[in-house]
Amino acid sequence: MQIGIVGLPFSGKSTLFQTITKTHIDSAVLAKAELHQAVIKVPDERLDKLTGIFNPKKKVKATIEVIDMIGLQKGESGLPAGQAGSTKFTSNFLGKVKTNDALIHVVRLFENNAVPHPDNSIDMLRDIDSFETEFIISDMEIVEKRLGSIKKQIMKTKDEQLKRELPVLEKCNEILEKETPLREEHFSIDEMKLLRSYQLLSAKPMLIALNLDENQIDLADNFLDELVKKKLSSNTKALTFFGQIEMEMSELSEEDAAIFMKDYGIKQSALDSIIRSSYDLLGLHSFFTVGDDECRAWTIKKGMNAQEAAGEIHTDFFKKFIRAEVVHYDDFIAHGSFAKTKESGHWRLEGKDYIVRDGDIISIRHG
Ligand SMILES: Nc1nc2c(ncn2[C@@H]2O[C@H](COP(=O)(O)OP(=O)(O)O)[C@@H](O)[C@H]2O)c(=O)[nH]1
Ligand SMILES: [Mg+2]
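Nothing here was measured: the structure is a model prediction, and the numbers come from that model. (Residues numbered from 1 in each chain as written. Chains lettered and ligands numbered in written order. Predicted model: local features only at pLDDT ≥ 70, side-chain atom pairs only at ≥ 80, totals over all residues. Heavy atoms only, no water.)

Asks: It is not clear to me how helix α6 (residues 160–177) should be interpreted in this structure. Could you clarify?
Replies: Each α-helix winds once per 3.6 residues, and so residues spaced three or four apart point in a common direction. Taking 1.5 Å as the rise per residue, α6 with 18 residues should run 26 Å; its terminal C-alpha atoms sit 26 Å apart, in good agreement. Of the residues making up α6, those classed as buried are L162, E165, L166, V168, L169, C172, N173, I175 and L176. The secondary structure elements touched by the buried residues of α6 are α5 (124–157) and α7 (189–195). Capping of α6 at its N-terminal end is provided by D159; its side-chain oxygen lies 2.8 Å from the backbone amide nitrogen of Q161. (Helix = DSSP H or I, 4+ residues; strand = E, 2+ residues; numbered from the N terminus. Expected span 1.5 Å × (residues − 1). Buried < 20%, exposed > 50% of the residue type's maximum accessible area, 1.4 Å probe, protein only. Contact = heavy atoms within 4.5 Å. Polar contact = N/O pair within 3.5 Å; in protein donor to acceptor, adjacent residues only side chain to side chain.)

Asks: Whenever I open this one, the packing of α5 against α6 confuses me. Can you help?
Replies: For any two helices packed against each other, one specifies the crossing angle of their axes together with the interaxial distance. Viewed as axis vectors pointing N to C, α5 and α6 meet at an angle of 150 degrees, and their least axial separation amounts to 9 Å. As the angle between them shows, α5 and α6 are arranged roughly antiparallel. Crossing hand, α5 versus α6: left-handed. Residues I136, D139, M140, V143, E144, R146, L147, I150, K151, Q153, I154 and T157 of α5 touch α6, and the partners they reach there are L162, K163, E165, L166, L169, E170, C172, N173, L176 and E177. Residue composition of the contact of α5 with α6, by class: 11 nonpolar, three polar and eight charged. (Axes fitted to C-alpha atoms, helices over the stretch in contact; angles between N-to-C directions. Parallel < 35°, antiparallel > 145°, perpendicular 65-115°, else oblique. Left-handed = near helix turned anticlockwise from the far one by under 90°. Nonpolar A, V, L, I, M, F, W, Y, C, P; charged D, E, K, R; others polar.)

Asks: When you look at the nonpolar core in this model, what are you seeing that I'm missing?
Replies: Soluble globular proteins: nonpolar side chains tend toward being buried together. Counting 38 residues, the largest nonpolar core has I5, L16, I20 and I104 as its most contacted members. Shared between two domains, this core holds at least three residues of each, these being domain 1 (2–43 + 61–119 + 204–282) and domain 3 (303–366). Setting aside residues up to four positions removed in sequence, I104 forms contacts with I3, G4, I5, V6, L16, L207, A209 and I274. Judged by nonpolar contacts, the second largest core, of 31 residues, contains I67, V97, L224 and I245. (Core = buried A, V, L, I, M, F, W, Y, C linked by side-chain atoms within 4.5 Å. Domains from an automatic or database assignment.)

Asks: In this structure, what is going on with the confidence of the model for the protein? I would like to understand it.
Replies: Low pLDDT means the predicted coordinates in that region are not meant to be read closely. Mean pLDDT for the protein: 90, with 93% of residues reaching 70 or above. The secondary-structure element of the protein with the lowest mean pLDDT is helix α4 (residues 91–97), recorded at 76, while strand β10 (residues 321–328) shows the highest, at 98. A low-confidence stretch, residues 74–84 stays under pLDDT 50, and its non-local contacts, those more than four residues away or across chains, total 21 contacts. (pLDDT = per-residue confidence, 0-100.)

Asks: Mind showing me how you'd approach the site of ligand 1 here?
Replies: Taken together, 16 residues lie around ligand 1, and F10, K13, S14, T15 and D213 are the ones closest in. At 3.1 Å from an oxygen atom of ligand 1 is found a side-chain nitrogen or oxygen belonging to N211. One of the side-chain N or O atoms of D213 is found 2.8 Å from a nitrogen atom in ligand 1. In isolation ligand 1 offers 580 Å² of accessible surface; the protein chains occlude 81% of this area. (Near = heavy atom within 4 Å. Areas by Shrake-Rupley, 256 points an atom, 1.4 Å probe, with all protein chains shown as cover.)

Asks: Is there a simple way to think about the sheet that holds strand β4 (residues 63–68) in this case?
Replies: The strands making up a sheet are joined through hydrogen bonds of the backbone, oriented either antiparallel or parallel. The strand order across the open sheet formed by six strands is β2-β4-β1-β5-β6-β7, and the pairing between neighbours is mixed. Strands at the two margins of the open sheet, each flanked by one partner only, are β2 (36–41) and β7 (236–241). The mean angle between the axes of side-by-side strands here comes to 25 degrees, regardless of whether they run parallel or antiparallel. Where strand β6 (residues 206–211) and β7 come together, six bridges link them in parallel fashion. Opposite I208, over in β7, you have A238 as the bridge partner. (Pairing = 2+ DSSP bridges.)

Asks: Please clarify how the side chain of D139 should be interpreted in this entry.
Replies: With respect to the helices and strands, D139 occurs in helix α5. Within the buried set, D139 has no salt-bridge partner at all; the shortest N-O distance to an opposite charge, 6.6 Å, is to K98. Apart from the residues lying within four places of it in its own chain, the contact partners of D139 are L176, L182, L200, L201, S202 and A203. (Lys, Arg positive; Asp, Glu negative; His and termini not counted. Salt bridge = Lys/Arg side-chain N within 4 Å of Asp/Glu carboxyl O.)

Asks: Where do I start with the pairing of β10 in this structure?
Replies: Consecutive residues of a regular strand have side chains that alternate between opposite faces of the sheet. The buried count for β10 comes to six of eight residues, which makes it a mostly enclosed element. Bridge count between β10 and strand β12 (residues 360–366): seven bridges; the pairing is antiparallel. In the strand pairing of β12, A324 is matched with I364.

Here is the structure:
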């Protein structure tokens with residue numbers, strides 16, 4: 001899974017990136033317009049506990065790839081800052097954003113005169129809208145172009161696939177013309193499959209991350225409420241974080257960071273809330289594989305069956321799948337060993353259609 005961090009210049013994208021990926025980027029490197037890529041190692045107490053029990057040679061956490069999407073340059077449109085359209089994105093920038101599975105939009109709420117907001121004022125709804133508008137315009141161009149060419153081709157070839165695509169694109173067109181992002185309307189699984197190759201931007205699940213200053217901690221819930229009332233649909237989530245101080249905290253030990261957070265009254269770290277919201281937004285959960293060699297957490301889409309989950313571990317496991325041995329983490333911890341879960345009937349052999357649950361410990365039997 002890959003998540004791209006987008007947002008206006010000086011909103012705190014690189015600050016958030018460094019905080020959640022626990023990287024440190026030199027300011028000279030940051031100043032260059034380059035993409036930064038790193039992985040988040042997903043913390044999971046269950047994996048820690050399993051590792052404590054099995055004492056394996058290797059512990060592998062689930063990972064999420066994160067990209068700091070620099071490349072949006074103010075004024076590339078030629079319009080003065082502050083004027084509608086002045087944040088016009090380059091096609092180069094949009095092309096890079098397209099490959100992400102989800103986006104984090106960092107929206108600036110902190111005041112900092114040393115680095116003025118590009119539009120010289122703080123306005124969260126304006127900033128969110130300006131991105132949505134650009135995404136919608138970009139999608140419209142793609143959909144309209146494709147609609148034109150499909151219609152011509154259908155007349156010539158009567159291609160069944162194209163005939164299925166046509167109504168879905170028309171549906172997109174109608175939604176976009178109402179200036180609504182595609183993610184706010186319902187699409188069936190089949191419709192989404194047809195659309196996948198277009199990588200439409202306004203269809204991507206969106207996490208709005210409001211960047212607040214330490215003196216705004218008490219206001220965090222108010223900002224969220226305002227946003228929830230005005231904007232949020234099922235494929236958009238919002239959270240708050242405190243860029244400046246959380247970056248400083250990410251350099252501390254876990255214990256010190258916890259004390260620091262408590263002192264400040266921060267309920268959840270940026271890392272935790274981003275992971276939680278991303279899993280929610282993308283419909284993800286985790287299963288585990290355990291053993292003396294390796295204990296590992298795997299991230300899959302909710303609803304995947306045992307064979308598909310096996311395929312995440314190895315493509316051969318998918319092809320040659322026979323059965324999955326399954327014990328839920330809670331049952332394993334309650335009974336203390338696989339032998340005891342067998343006695344108590346919590347150890348099961350499941351077929352390929354078994355829908356994997358969050359926290360299943362799985363071992364694949366394959367040919
Ligand atoms: N006061 C304050 N400054 C911040 C905060 N977050 C980021 N900054 C500052 O804003 C500037 C731009 O941040 P950066 O993460 O590089 O923004 P980017 O252009 O979106 O990548 C830097 O000088 C940061 O130190 C914050 O929460 N409070
Ligand atoms: Mg940056």
